[in-house]
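# Survey of secondary and tertiary structure
Take a look at the letters that make up each chain.
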Amino acid sequence: MADPFTVFTSRVVPLPAENVDTDQIVPARYLKATDKAGLADALFRDWRYNEDGSLKEPRFVLDQPGMAGRKILLVGDNFGAGSSREHAPWALTAWGVRAILSTSYADIFRSNSLKNGVLPIVVDVETHARLFELLAGDPDAELTVDLAEQGVLLPDGSTIDFDIDPFAKQMILADTDELGYLLSKDAEISAWEATHSPRVDTLAGAR
Amino acid sequence: MTTPRTIVEKIWDDHVVSQDPGAPAVLAVDLHLVHEVTSPQAFSGLRARGIGVRRPGQTVATADHSVPTTDRRLPIMDELAAAQIRQLDTNCAEFGIPVHGIGDPAQGIVHVIGPQLGLTQPGMTIVCGDSHTSTHGAFGALAFGIGTSEVEMVLATQTLLQRDPKTYEVRVDGRLTPGVSAKDVILALIARIGIGGGTGHVFEYTGGAIRGLTMDQRMTVCNMSIEGGARAGLIAPDDTTFEYLRGRPHAPQGAAWDAAVVRWRTLATDEGARYDRQITIDADTLEPMITYGTNPGMGIPITSRVPSPEEQTDPGQRRALEHALEYMDLRPGQAILGQKVDVVFVGSCTNGRISDLRLAASVLKDRHVADGVRLLVVPGSDEVKREAEREGLAEIFKAAGADWREAGCSMCIAMNGDQLNPGQYAVSTSNRNFEGRQGKGGRTFLASPLTAAASAIAGVVADPRRLPGIETLAAVGGR
Ligand code: SF4
């Protein structure tokens, strides 16, 4: 998990592509790692690098001047489609992304992001277009993301409100994880197991 | 009177352990499937916390994604892949989980071996750190892919935190015509609703055409639910389901079997139950489908032409189409039939089961792969491989000039060295045509095993309905 989530202000990386799939976010050949290290270089690998490891020209947005250190990604609709690989939010966090703005996300990606302290913020179509216009006019515009207040503050002083699963919000703000919560339900789980016999036993008679 | 419920609601209600106000439900998991790629960090997490696996007997592992499909007696050349596979064995040994690794007769793609072993059963909740877990929905199970953090949670607690999903009825009426198969049904659905069309929902496939499908074919349909954005997709169990399961190693036996069938029959969606969304597809009008772009929603009937960006009114979609056609090096308005092919891949958890290989073999029998085309046939499991060899399918493939391989994911994900070269075109029976999915710079046309085999012979994208004798191909659409 990244650092505990507080209010933060950052410039924005714009990436208008729609339906960006997790195979683009982290290509499969980087899934052979057995830990989480080194994934920042794998992020959008084939959009950023040539075969020989040099940067592509023209440079992909992440590698353009002034982009390093930005914590907010503004992307097209249905971001994170496809594979369930959690390497996608791991790589985003490793690069420094803390919040994403889009009109929608693929289910598994959204869930994986929330578990890694990356905030997948959903905005409506008009707001989405307005944000891209804002960045077209001022590529260095800063946004402030306030999770507790569920708002994104724009340079003109206006605020975009956003919805988030209240439970996920609580987990991120308290910097606790869902596993801790589930482990605290041990008594309930045991009670359920006492009245529901296992449907299968993979240890018995397996060939 | 109780409120009529869908099968999804019934399975859900059966598995809610507890739910705090405002929190997601704690959902019990009946079966957890594990593979080498998405589990190592989860096991490390358990070690860091000093906790074990709560229910090893409801967990099973296999190595599939990065295993080589070449001679199994040879050492694995890719050191990273070898390390990952060794790590799975070590983790499973340490935590007491049964593992079907390389050399085990039950090894295979995780979504092929679950059903094959009879572990996948109606009414169960099934999860795996893999988005194609939706495959198991073919048996009337609520089965969905999870991330690695969730893999760790299930290992530790045999439960997950979930919000109840919305339901989406996908009704397929009528009958499939010869040469059109389950793969074409699901590609047609995704072309219609788009790859985000099912987000937040679980598909329930209903209707006469679905009832008429074999279990292998139902698995093909459910497999690609995720490509339509739905985390799960399922089909209510019926006699076809029970016949498939009867006698499998982990299926109930004797009196327990009879009791299970009675219970399973109550799972079907009640008359009058409501779905959040609904779509109807007419099977009679479907043609073989093929994709032309870089996501599974970019699909067309095989006799159609590649769409033109100018006809797209939405600027985002226009940009996406332009980008896709550039990557694929295709011209707007060109025919897809006759497009040159370098590689044909038959396999994967979508179409790597025995009936898929039978379909491909029926086309390839007494024929030969076109000059310059490489045909790779990769069985979905070691058992599928043995069966194909028993039935003489392997001989047909080899005589046709195909490369007959060991079981694994292979060129579906190109992690194991089976991959396209930059710029090559493939007709593939797998499920994803994303940029670079089958090898960096590779270009994928997704299609059915029949279309793939027909294209291998022709050396270009070909319509399987034009092959002589296609009408008699056994049970392409029917039972
Ligand atoms: S065959 Fe392809 S889609 Fe299926 S589990 Fe393997 S890599 Fe994933």
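Residues numbered from 1 in each chain as written. Chains lettered and ligands numbered in written order. Predicted model: local features only at pLDDT ≥ 70, side-chain atom pairs only at ≥ 80, totals over all residues.

### A look at the overall build of chain A
Helices and strands together make up the secondary structure of chain A, namely eight helices and seven strands. Referenced to the eigenvectors of the C-alpha coordinate spread, the extents of chain A come out at roughly 65 × 45 × 30 Å. Across the 207 residues that make up chain A, the buried fraction comes to 43%. Sequence separation of 24 or more characterises 66% of the internal contacts of chain A that already satisfy a separation of 6 or more. (Helix = DSSP H or I, 4+ residues; strand = E, 2+ residues; numbered from the N terminus. Buried ≥ 20, exposed ≤ 12 C-beta atoms within 10 Å, placed from the backbone. Contact = placed C-beta atoms within 7 Å.)

### Comments concerning the overall build of chain B
Check the secondary structure of chain B and you find 16 helices and 19 strands. For the C-alpha atoms alone, the extent of chain B along its principal axes is close to 60 × 55 × 50 Å. Per-residue burial over chain B gives 60% buried out of 479 residues. Considering only contacts within chain B whose residues lie at least 6 apart along the sequence, 77% involve residues at least 24 apart.

### As for the site of the ligand
For the ligand, the set of nearby residues contains 13 residues, the closest of which are Ser348, Cys349, Cys409, Cys412 and Ile413 of chain B. Taken together, the residues of the shell around the ligand break down into five nonpolar, six polar and two charged. (Near = placed C-beta within 6 Å. Nonpolar A, V, L, I, M, F, W, Y, C, P; charged D, E, K, R; others polar.)

### Details of the sheet that holds strand β7 (residues 142-145) of chain B
Residue and element names in this part refer to chain B. Strand order in this open sheet of five strands is β5-β4-β3-β6-β7, and the pairing throughout is parallel. This sheet does not close on itself; its edge strands, each paired only once, are β5 (99-100) and β7. Inspection of the sheet shows strand β3 (residues 31-35) paired to strand β6 (residues 125-128) by three bridges, in the parallel sense. Paired with His32 across the strands is Val127, a residue of β6. (Pairing = 2+ DSSP bridges.)

### Notes on unusual backbone geometry
That bond from Glu57 of chain A to Pro58 of chain A is cis: its omega, -5°, falls within 30 degrees of zero. Here Pro58 of chain A is to be found in the loop between α2 (45-48) and β2 (72-75). In the Ramachandran plot, Gln158 of chain B falls in the positive-phi region, its phi being about 55° despite a non-glycine side chain. Structurally, Gln158 of chain B is set in the loop between α5 (148-157) and β8 (159-162). A count of 24 C-beta atoms within 10 Å places Gln158 of chain B in the buried class.

### As for the sheet that holds strand β15 (residues 343-346) of chain B
All names here are of chain B. Strand order in this open sheet of five strands is β17-β16-β15-β18-β19, and the pairing throughout is parallel. Bordering the open sheet on either side are β17 (403-404) and β19 (443-446), each of which pairs with just one other strand. With four bridges connecting them, β15 and strand β16 (residues 374-377) associate as parallel partners. Note on β16: the bridge partner recorded for Val343 is Arg374. In the packing of helix α16 (residues 449-458) onto the sheet, the strands contacted are β15, β16 and β18 (425-428), and the crossing angle to β15 comes to about 150°. (Axes fitted to C-alpha atoms, helices over the stretch in contact; angles between N-to-C directions.)

### Concerning the packing of helix α6 (residues 182-193) of chain B against helix α8 (residues 215-223) of chain B
Geometrically, a packed helix pair is captured by the angle between its two axes and the distance between the axes. All names here are of chain B. Contact geometry for α6 and α8: axes closest at 8 Å, N-to-C directions at 20°. Taken together, α6 and α8 sit at an angle that is classed as roughly parallel. In this structure, the crossing between α6 and α8 has a hand that is right-handed. Along the contact surface, α6 presents Ala182, Lys183, Val185 and Ile186, while α8 presents Gln217, Thr220 and Val221. Residue composition of the contact of α6 with α8, by class: four nonpolar, two polar and one charged. (Parallel < 35°, antiparallel > 145°, perpendicular 65-115°, else oblique. Left-handed = near helix turned anticlockwise from the far one by under 90°.)

### Description of the interface of chain A and chain B
In this complex, chain A contributes 50 residues to the contact, which on the side of chain B involves 65 residues. Only α1 (22-25), α4 (107-114), α6 (166-173), α7 (178-183) and α8 (186-195) of chain A provide two or more residues apiece to the side of chain A that touches chain B. The class makeup of the residues in the side of chain A that touches chain B is 17 nonpolar, 14 polar and 19 charged.

### Some points on the nonpolar core
Formed by 198 residues in total, the largest nonpolar core has its most connected members in Ala91 and Ile100 of chain A together with Val344, Ala360, Val377, Phe397 and Ala453 of chain B. Once residues lying within four places of it in the same chain are set aside, the contact partners of Phe397 of chain B are Ala361, Leu364, Val377, Ala402 and Trp404 of chain B. (Core = buried A, V, L, I, M, F, W, Y, C linked by C-beta atoms within 7 Å.)

### Quick look at the pairing of strand β2 (residues 25-28) of chain B
Residues and elements named next belong to chain B. Here strand β1 (residues 16-18) runs beside β2; their pairing, made up of two bridges, is antiparallel. Counted as the bridge partner of Ser18 is Val26 from β2. What sits between β1 and β2 in their antiparallel hairpin is a turn of six residues, with Gly22 showing a positive phi close to 80°. In this structure, β2 lies alongside β8, joined through four bridges in antiparallel fashion. Looking at the pairing, Ala28 lines up with Thr159 of β8.

### Quick look at helix α2 (residues 40-49) of chain B
Residue and element names in this part refer to chain B. Those residues of α2 that fall on the buried side of the exposure criterion are Pro40, Ala42 and Phe43. Seen along its axis, α2 keeps its buried residues to an arc of 165°; they face one direction. The positive-phi residue at the C-terminal boundary of α2 is Gly50, with phi of around 70°. (Arc of directions from axis to C-beta.)

### Here's the deal with the pairing of β19 of chain B
The two faces of a sheet get side chains in turn, since along a regular strand they alternate between them. Residue and element names in this part refer to chain B. Burial along β19 is two-sided: Arg443 and Phe445 and Thr444 and Leu446, pointing in opposite directions, are all buried. When β18 meets β19, the two strands line up parallel, connected through four bridges. The residue bridging Ala426 from the neighbouring strand is Thr444, located in β19.

### Here we look at the environment of Ala136 of chain A
Within the secondary structure, Ala136 of chain A is located in helix α5 (residues 125-137). Once the C-alpha coordinates of Ala136 of chain A and Phe162 of chain A are considered, the two residues, 26 residues apart in sequence, prove to be 23 Å apart.

### Things to note about the environment of Pro122 of chain B
Residues and elements named next belong to chain B. Note that Pro122 resides in the loop between α4 (110-116) and β6. Separated by 139 residues in sequence, Pro122 and Val261 have C-alpha atoms that sit 9.1 Å apart. Aside from chain neighbours lying at most four places away, what touches Pro122 is Phe139, Gly140, Ala141, Pro237, Thr241, Trp264 and Leu267.

### Considering α5 of chain B
Of all 10 residues in α5 of chain B, nine are buried, a share of seventy percent or more. Of the positions making up α5 of chain B, those classed as buried are Thr148, Ser149, Glu150, Val151, Glu152, Met153, Val154, Leu155 and Thr157 of chain B.

### Things to note about the environment of Ser102 of chain A
Residue and element names in this part refer to chain A. Here Ser102 lies in strand β3 (residues 99-102). Overall, Ser102 belongs to the buried group, with 23 C-beta atoms counted inside 10 Å. Each C-alpha atom of the pair Ser102 and Gly151 lies 14 Å from the other, and the pair is 49 residues apart in sequence. With residues up to four places along the chain from it excluded, the contact list for Ser102 reads Val75, Gly76, Asp77, Phe79 and Val122.

### What to know about the confidence of the model for chain B
All names here are of chain B. With 98% of its residues at a pLDDT of at least 70, chain B reaches an overall mean of 95. Long-range and interchain partners of residues 474-479, a stretch whose pLDDT sits below 50, account for 14 contacts in this model, where long-range means more than four residues apart. Here the predicted complex scores 0.96 on pTM and 0.94 on ipTM. (pLDDT = per-residue confidence, 0-100.)

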